[in-house]
Amino acid sequence: MAELRIATYNVRGLKSPIKRNQIFRHFHKDKTQVLFLQETHYKHGRSPNLSRSVYNLWFHSTSDYSNKLGVSIGVHKNTSFTLKEVKTDPNGRFLFVKGIVDTQIFTWINLYAPNKGKKKWILSILPKIEDFREGFLIIAGDLNISIDPSVDSLVGKSTITKSALSAISEGFNSRNLIDIWRATHPTTRDYTHYSPPHNSYHRLDYFFIPSSYIHLCKDISIGSLPHSDHSPVSLSCKIPNSCPKTYVWRLNETILSNPDINKAISKHLSEFFTLNNTEGITPHILWESHKAAVRGEFISLSSHLQKKRREKITTLTKTVQVLEDSHKRNPTAEILQKLTAAREELCDTLNATSAKYFLSMKQKCFAHGNKPTKFMIATLKQRQRKSRITSIKTGDKYVSDDKSITNAFHAYYTALYNINADDSEAVK
């Protein structure tokens, strides 16, 4: 059986294109197929168009009144997903998505609990989940609470009363929903959130699944990323009857600006033509065979560069994880300073990697921006969606249908530019 890899991450804002690119690249390399993101900071109707990213299918639940909320679920472009139903929250606190991955029905629930009134909010959401669920239920998100503070908090206690924590725990248990990370790590103390004001760690980010599906869960782990005060949590589960995917290699043009690469390719081409430009070899065969040979050399050199880049990112990521573990056990200012420096170096490395993709987008805009291609059509459609008037106020009420909006504009400009016959001489 194939696997479905899902990650939940409180991103603490996702408006920056560079930050989005780095986060998406990280999860893409981690082979994550579905992203549960909290605190995206998108307001209603202002989420970016992500249809051309590696996670090209998105569902958003945004707030009408605040840009500090919002939850989203993104699906990787190589994942076969068929949507059945979506349910959003006008406050941007939860998002329900139901669909089919290959032949398995999934229900994905993304939660971002408020800082106040956690017990009431969580217990009110659970019945809604029961009414919506179908197939393999996966609940993930930031609950803003350590359900068992004795093992999920560095200080071993919580500001929430024991009765409230017991009620929340019972709410999940009564529906046979299991905290899969705690079920697979019964004695491990690890955390997903660091609070600088309190100098303490807590596990606030969870995955809950029905107990009957535990046998399908292969692995769950807490990762590390420098973009937020939370850590991502990743879950791998098995899917029956999944189709394998195929991939096509493409040349990364940015490596042509590397002098060492150019020197190696020139040397390879010289050797190839010296050895193969012999009697009996036609120019056509020589030309076609040289393309295959130079492609193999490009693949070899590109793989070497990617390996070195991945090794550096892996080393920095492990350094950050080690420093995070040390800071969790001994939260001193010296370790925090080293941790901050390591995170900044990791961000700088990721920024250099992301620059390639922004250069590629600029090249695409330059090459296709003024031509009647699919790229221009997509750009114009996006601009049209942004400029479209969805509602307008006439008198004391709002109208949203196209005919009423057209009539309102007609009436306004008719009154604005209407000139009486008596005033015609004055106008002249």
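Here is a short report on the structure shown in this document. (Residues numbered from 1 in each chain as written. Predicted model: local features only at pLDDT ≥ 70, side-chain atom pairs only at ≥ 80, totals over all residues. Heavy atoms only, no water.)

In this section: a nonpolar patch on the surface. A cluster of nonpolar side chains, contributed by Tyr412, Tyr413, Leu416 and Tyr417, occupies part of the molecular surface with about 490 Å² of accessible area. Residue placement: tyrosine 412 occurs in helix α10 (residues 402-417). (Patch = residues over 30% accessible without salt bridge, like charges linked within 9 Å, V, L, I, M, F, W, Y side chains within 5 Å. Areas by Shrake-Rupley, 256 points an atom, 1.4 Å probe, with all protein chains shown as cover. Salt bridge = Lys/Arg side-chain N within 4 Å of Asp/Glu carboxyl O. Helix = DSSP H or I, 4+ residues; strand = E, 2+ residues; numbered from the N terminus.)

In this section: the sheet that holds strand β3 (residues 57-61). Spatially, the six strands line up as an open sheet ordered β3-β4-β2-β1-β14-β13, and their pairing is mixed. Pairing within the sheet leaves two strands with one partner each, and these edge strands are β3 and β13 (217-222). Sheet twist, expressed as the mean angle between neighbouring strand axes with direction ignored, is 15°. Inspection of the sheet shows β13 paired to strand β14 (residues 233-239) by five bridges, in the antiparallel sense. Considered in β14, the bridge of aspartate 219 is made with serine 236. (Pairing = 2+ DSSP bridges. Axes fitted to C-alpha atoms, helices over the stretch in contact; angles between N-to-C directions.)

This part takes up the side chain of serine 61. In this fold, serine 61 is placed in strand β3. The exposure class of serine 61 is buried, given its relative accessible area of 1%. Within polar-contact distance, the side chain of serine 61 engages the backbone nitrogen of aspartate 89 at 3.0 Å. Within the local environment of serine 61, its side chain forms a polar contact with the backbone oxygen of phenylalanine 94, the two atoms lying 2.9 Å apart. With residues near it in sequence (within four places) discarded, serine 61 still touches Gly70, Val71, Thr88, Asp89, Gly92, Arg93, Phe94 and Leu95. (Buried < 20%, exposed > 50% of the residue type's maximum accessible area, 1.4 Å probe, protein only. Polar contact = N/O pair within 3.5 Å; in protein donor to acceptor, adjacent residues only side chain to side chain. Contact = heavy atoms within 4.5 Å.)

Applying the stated criterion across every chain yields a total of one cavity of 30 Å³ or more. Taken as a whole, the largest cavity holds about 30 Å³ of empty space. Taken together, Asp179, Trp181, Arg203, Asp205, Tyr206, Phe207, Ile220, Ile222 and Val233 make up the lining of the largest cavity. The set of elements that each furnish at least two residues to the lining of the largest cavity consists of β12 (205-210) and β13. Here the lining of the largest cavity gets three residues from one element, more than from any other, and that element is β12. Counted by class, the lining of the largest cavity contains six nonpolar, no polar and three charged residues. (1 Å grid on protein atoms, 1.4 Å probe; cavity = no way out; pocket = protein on both sides within 12 Å on 5 of 7 lines; lining within 4 Å. Points joined across faces, edges and corners; volume = space filled by probe spheres on them. Nonpolar A, V, L, I, M, F, W, Y, C, P; charged D, E, K, R; others polar.)

Here the structure, examined in full by the defined rule, presents 19 aromatic pairs. Relative to phenylalanine 273, the ring of phenylalanine 272 has its centre 5.5 Å away and its plane inclined at 80°; by these criteria the two rings are edge-to-face. Judged by its relative accessible area of 12%, phenylalanine 272 falls in the buried class. Among the aromatic side chains, those forming a connected cluster through ring pairs are Phe36, Phe59, Phe81, Phe106, Trp108, Phe136 and Tyr213. Over the face of the ring belonging to tyrosine 112 we find arginine 93, whose NZ or CZ atom lies 4.8 Å from the ring centre. The lysine or arginine in question, lysine 98, covers the ring of phenylalanine 132, its NZ or CZ lying 4.6 Å from the ring centre. (Phe/Tyr/Trp six-rings, centres within 6.5 Å; stacked < 30°, edge-to-face > 60°. Lys NZ or Arg CZ within 6 Å of the ring centre and 35° of its normal.)

It is worth spelling out the pairing of strand β7 (residues 104-112) at this point. Counting buried positions along β7 yields eight of nine residues, so the element is predominantly enclosed. Across eight bridges, strand β6 (residues 94-101) lies against β7 in antiparallel orientation. By the bridge assignment, valine 97 is partnered in β7 with tryptophan 108. A loop of two residues connects β6 with β7, the two strands running antiparallel in sequence, and aspartate 102 in this loop sits at a positive phi of about 60°. One ladder, built from seven bridges, connects β7 with strand β8 (residues 136-142); its direction is parallel. For threonine 107, the partnering residue across the bridge sits in β8 and is leucine 137. In this view, the connection linking β7 to its parallel neighbour β8 by way of helix α2 (residues 118-132) has right-handed handedness. (Right-handed = clockwise from strand over helix to strand, strands pointing away.)

Quick look at the packing of α2 against helix α4 (residues 162-173) now. Each pair of packed helices can be summarised by the angle the axes make with each other and by the distance between the axes. Two elements in contact, α2 and α4, have axes whose closest approach is 10 Å; the angle formed by their N-to-C orientations is 15°. Between α2 and α4, the interaxial angle falls into the category roughly parallel. Crossing hand, α2 versus α4: left-handed. Only Ala164, Ala167, Ile168, Gly171 and Phe172 of α4 make contact with α2, whose side of the interface consists of Lys119, Ile122, Leu123 and Leu126. (Parallel < 35°, antiparallel > 145°, perpendicular 65-115°, else oblique. Left-handed = near helix turned anticlockwise from the far one by under 90°.)

Counted as a void, the second largest pocket has a volume near 720 Å³. In terms of lining residues, the second largest pocket is bounded by 28 residues, among which Asn115, Asn144, His193, His202 and Leu204 are the most central. Residue classes in the lining of the second largest pocket are distributed as seven nonpolar, 13 polar and eight charged.

All right, on to the sheet that holds β7 then. Pairing within the open sheet is mixed, and its six strands lie in the order β5-β6-β7-β8-β12-β9. Only two strands of the sheet have a single partner each, and these edge strands are β5 (81-88) and β9 (177-179). Going from strand to strand, the sheet's axes swing by 20° on average, the running direction of each strand aside. Sheet analysis places β5 next to β6, joined by seven bridges and oriented antiparallel. Its bridge partner being in β6, leucine 83 is matched across the sheet by glycine 99. Lying on the sheet, α2 is in contact with β5, β6, β7, β8 and β9; it crosses β6 at an angle near 25°.

Turning next to the environment of glycine 70. Locating glycine 70 in the fold gives a position in the loop between β3 and β4 (71-75). Residue classification places glycine 70 among the buried positions, given a relative accessible area of 0%. In this view, glycine 70 contacts Leu37, Gln38, Glu39, Thr40, Ser61, Thr62 and Gly92; residues no more than four positions away in its chain are not counted.

Don't take any of this as a statement about function, it's just geometry.
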